[in-house]
Amino acid sequence: MNLDHYRSLALRRDGRDGRVLHVSFNRPEALNAFDTAMHDELERLLGELPRDDATHVVVLTGAGKAFSAGGDVEQMQRLVDRPSLMVPDATMAKRLVMGLLDVPQPVIAKVNGAAMGLGATLALFCDVIFAANHAKIADPHVKVGFVAGDGGAVIWPQLIGYARAKQYLLTGDTITGEEAAAIGLVNFALPAEELDAAVDAWAQRMAGGARRAIQWTKATINVGLKQIAASVMDAGMAYELLSNQTRDHAEAVAAFRGKRVPDFSGD
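Everything quoted here is computed from the prediction, not taken from an experiment. (Residues numbered from 1 in each chain as written. Predicted model: local features only at pLDDT ≥ 70, side-chain atom pairs only at ≥ 80, totals over all residues. Heavy atoms only, no water.)

(A) Here's a closer look at the nonpolar core. With 65 residues, the main nonpolar core has F25, I108, V111, I137, W156 and L185 as its most contacted residues. Residues in contact with I137, not counting those within four places in the same chain, are A115, M116, A120, A131, W156, D173, T174, I175, G177, A180, L185 and V186. The next biggest cluster of nonpolar side chains, apart from the first, holds five residues, and it includes L79, M86, F146 and A252. (Core = buried A, V, L, I, M, F, W, Y, C linked by side-chain atoms within 4.5 Å. Buried < 20%, exposed > 50% of the residue type's maximum accessible area, 1.4 Å probe, protein only. Contact = heavy atoms within 4.5 Å.)

Here it is, written out as structure tokens:
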């Protein structure tokens, strides 16, 4: 199967450079925040890639200024108003994470700008992560009264250890790409003007390697990570479903939409 035919709106195929497929989140006006369409299209792509013999490496980035701002605030409001709508969202987040772990091709994240919440989670679940020095990276679920259940609680501790992961996940604090590379959260951080060339060189290096050996080494490494992700995300998404019904979350969403500071009550 060849994905040269692939076209979508929220997820854009930018072209192929030999055996390397370039894909972008494509909601630049919303800083590539995730809505249902983007969820669906990324899941579709991850399902098709295993049958795409023309693609040996995937580069994933964001259109415009951001990699992905994570959750869409208008979608958050809909979930506050109708909590039952969150049930399919919970399973979808797990499918995206497992899809990235299962897809045979190495996936390189090119974090060209802000990667927040689910955006950060998906970047960090990629196999090699490049970030612009200025890029802002955070999992700010707690800042909107949410549990970091959609994968952040899985991958941050695996990359930087539990103490540092708690430091960032319990506060939602933001770090730059340069800071993220210094603590091992991402592989490489570079000036923005050098990012494309560095990613392209790495992608071509991997595309020119022993394809099956690389794919099966990825699969072997991910065995343990998949086990952790399966167990932690089931608990995390259950807690996130609960947190969706709290007063603090409703207040945070209202405050974000009203461009003010939330007044948390602790409920």
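(B) Structural view of unusual backbone geometry. In this structure, L31 is a non-glycine residue whose phi angle is positive, near 55°. Residue position: L31 is located in the loop between β2 (20-25) and α1 (36-48). What makes L31 partly exposed here is its relative accessible area of 38%. The backbone phi angle of N32 is positive, close to 60°, even though this residue is not glycine. Among the secondary structure elements, N32 is positioned in the loop between β2 and α1. (Helix = DSSP H or I, 4+ residues; strand = E, 2+ residues; numbered from the N terminus.)

(C) Fine view of the packing of helix α2 (residues 73-81) against helix α10 (residues 247-257). At a closest axis distance of 10 Å, the pairing of α2 and α10 adopts a crossing angle of 145°. Note on packing geometry: the crossing formed by α2 with α10 is left-handed. Across the interface between the two elements, V73, E74, M76, Q77 and V80 from α2 touch H249, A250, V253, F256 and R257 from α10. Here the contact of α2 with α10 is composed, by residue class, of six nonpolar, two polar and two charged. (Axes fitted to C-alpha atoms, helices over the stretch in contact; angles between N-to-C directions. Left-handed = near helix turned anticlockwise from the far one by under 90°. Nonpolar A, V, L, I, M, F, W, Y, C, P; charged D, E, K, R; others polar.)

(D) Spatial organisation of the sheet that holds strand β7 (residues 136-138). Taking strand neighbours across the sheet as the criterion, the three strands line up as β5-β7-β8 in an open arrangement whose pairing is mixed. Here the strands that pair on one side only, and so sit at the sheet edges, are β5 (115-116) and β8 (175-176). Sheet analysis places β7 next to β8, joined by two bridges and oriented antiparallel. Within the sheet, the bridge partner assigned to K136 lies in β8 and is T176. (Pairing = 2+ DSSP bridges.)

(E) Broad picture of the environment of G113. Tracing the chain through its elements places G113 in the loop between β4 (107-111) and β5. Once you skip the residues sitting within four places of it in the chain, G113 turns out to touch K65, A66, F67, H134, A135 and K136.

(F) Highlighting the sheet that holds β4. Reading across from one edge, β1-β2-β3-β4-β6-β9 is the order of the six strands in this open sheet, with mixed pairing throughout. Looking at strand neighbours, the two that pair on one side only are β1 (11-17) and β9 (188-190), the edges of this open sheet. Strand-to-strand, the axes of this sheet are offset by a mean angle of 20°, without reference to chain direction. Looking at chain direction, strand β6 (residues 128-132) and β9 are connected through three bridges and run parallel. Across the sheet, residue A131 finds its bridge partner in β9, namely A189.

(G) Layout of the pattern of salt bridges. Enumeration according to the criterion identifies 13 salt bridges in this entry. With a closest N to O distance of 2.9 Å, K110 and D196 form a salt bridge. Separated by 86 residues along the polypeptide, K110 in strand β4 and D196 in helix α8 (residues 192-207) bring together distant segments of the chain. On the basis of relative accessibility, which here comes to 10%, the residue K110 falls in the buried class. Under the relative-accessibility criterion, D196 is labelled partly exposed at 42%. (Salt bridge = Lys/Arg side-chain N within 4 Å of Asp/Glu carboxyl O.)

(H) How the structure looks around the side chain of H141. Note that H141 resides in the loop between β7 and α5 (152-160). Overall, H141 belongs to the buried group, its relative accessible area being 7%. Of the polar contacts made by the side chain of H141, one reaches the side chain of D139; its length is 2.4 Å. Looking at H141, its side chain comes within polar contact range of the side chain of D150, at 3.3 Å. Not counting the four nearest positions on each side in its chain, H141 is found in contact with G117, L118, F146, V147, A148, D150 and E240. (Polar contact = N/O pair within 3.5 Å; in protein donor to acceptor, adjacent residues only side chain to side chain.)

(I) Spatial organisation of the packing of α5 against helix α6 (residues 162-169). Between α5 and α6, the least distance of the axes is 7 Å, while the angle of their chain directions is 135°. By the angle between their directions, the pair α5 and α6 is classed as oblique. Seen from above, α5 lies across α6 with right-handed handedness. Within the contact between the two elements, α5 uses G152, A153, W156, P157, Q158 and I160 and α6 uses Y162, R164, A165, Y168 and L169. Residues belonging to the contact of α5 with α6 are distributed by class as follows: eight nonpolar, two polar and one charged. (Parallel < 35°, antiparallel > 145°, perpendicular 65-115°, else oblique.)

(J) Region of the structure containing the packing of aromatic side chains. Enumeration according to the criterion identifies six aromatic pairs in this entry. Members of the aromatic cluster, connected to one another through ring pairs, are F25, F34 and F67. (Phe/Tyr/Trp six-rings, centres within 6.5 Å; stacked < 30°, edge-to-face > 60°.)

Such coordinate-based values are descriptive only and should not be taken to indicate function.
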